[in-house]
Amino acid sequence: MKNLFTLCACAFLTFTLSAQSEQAAGSYYLGTGDATTLMNVFSTGVMMSPTVGYAVIDDLVVSGSLNGATDDLSMDLNVRYFWNGVFFQAGADNILSAGGEDMSISLGAGKYFQLNALNDRLFVDPQINYNLDSGFNTMIGFGARF
């Protein structure tokens, strides 16, 4: 059993050491919460949720957003792990609610696409999320990496 564990650990380390990092440590991310609302610019207006993220280590990005009026702020925090162009995320939504009553946990997965035709800093990330309170939702994030 010990030899099997050592073999698996060595194989895993070899795989991770040979892989090129997709999201380099020290990168900053600025984006919107859901780019699909941009289509409503002339009918109902655009509801944007600006997000700021930082890659603390290679392929691990921590991001957050503040939304709402000053007397009713909503804060979301997320952690994303990138692997072969796909990311998996876990987050806490609405963590500034009074007494933590409206706070919820969400899990999700998505695909990270760089828009190389325009600029290698721009990206879109379609994703599907499951919120423990409200169920499944889909969204498309849009932003820039620095």
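Above: the structure in question.
Rules of the game
- Residues numbered from 1 in each chain as written.
- Predicted model: local features only at pLDDT ≥ 70, side-chain atom pairs only at ≥ 80, totals over all residues.
- Heavy atoms only, no water.
- Helix = DSSP H or I, 4+ residues; strand = E, 2+ residues; numbered from the N terminus.
- Buried < 20%, exposed > 50% of the residue type's maximum accessible area, 1.4 Å probe, protein only.
- Contact = heavy atoms within 4.5 Å.
- Areas by Shrake-Rupley, 256 points an atom, 1.4 Å probe, with all protein chains shown as cover.
- Salt bridge = Lys/Arg side-chain N within 4 Å of Asp/Glu carboxyl O.

### Some words on the overall build of the protein
Now for step 1: Within the protein one finds one helix and nine strands.
Now for step 2: Written out in order from the N terminus, the α and β elements of the protein read α-β-β-β-β-β-β-β-β-β.
Now for step 3: Going through the 146 residues of the protein one by one, you find that 31% of them count as buried.
Now for step 4: Residue pairs in contact within the protein that sit at least 24 positions apart in sequence constitute 36% of those at least 6 positions apart.
Now for step 5: Accessible area of the protein: about 9600 Å², with a carbon and sulfur share of 66%.

### Topic: the pattern of salt bridges
Close approach of charged atoms allows side chains of opposite charge to pair.
Now for step 1: If you walk through the whole model with that rule in mind, you get one salt bridge.
Now for step 2: Across the pair R80 and D125 runs a salt bridge whose closest N-O atoms are separated by 2.6 Å. Residue R80 is located in strand β4 (residues 74–83), and its partner D125 is located in strand β8 (residues 122–131); the two are separated by 45 residues in the primary sequence. The residues R80 and D125 share a single accessibility class, namely buried.

### Examining the environment of V61
Now for step 1: Mapped onto the fold, V61 is located in strand β3 (residues 60–67).
Now for step 2: As a C-alpha pair, V61 and N78 span 17 residues in sequence and 8.2 Å in three-dimensional space.
Now for step 3: Non-local contacts of V61, meaning those with residues more than four positions away in its chain, are made with Q23, Y29, G53, Y54, A55, N78, V79, R80 and F82.

### Side note on unusual backbone geometry
Phi is mostly negative for residues that are not glycine, and the peptide bonds are mostly trans.
Now for step 1: Even without being glycine, D59 reaches a positive phi, approximately 65 degrees.
Now for step 2: Tracing the backbone through its elements, the reader meets D59 in the loop between β2 (51–57) and β3.
Now for step 3: By relative accessible area, D59 is classed as buried at 14%.
Now for step 4: Even without being glycine, N84 reaches a positive phi, approximately 55 degrees.
Now for step 5: As for its position among the elements, N84 is in the loop between β4 and β5 (86–93).

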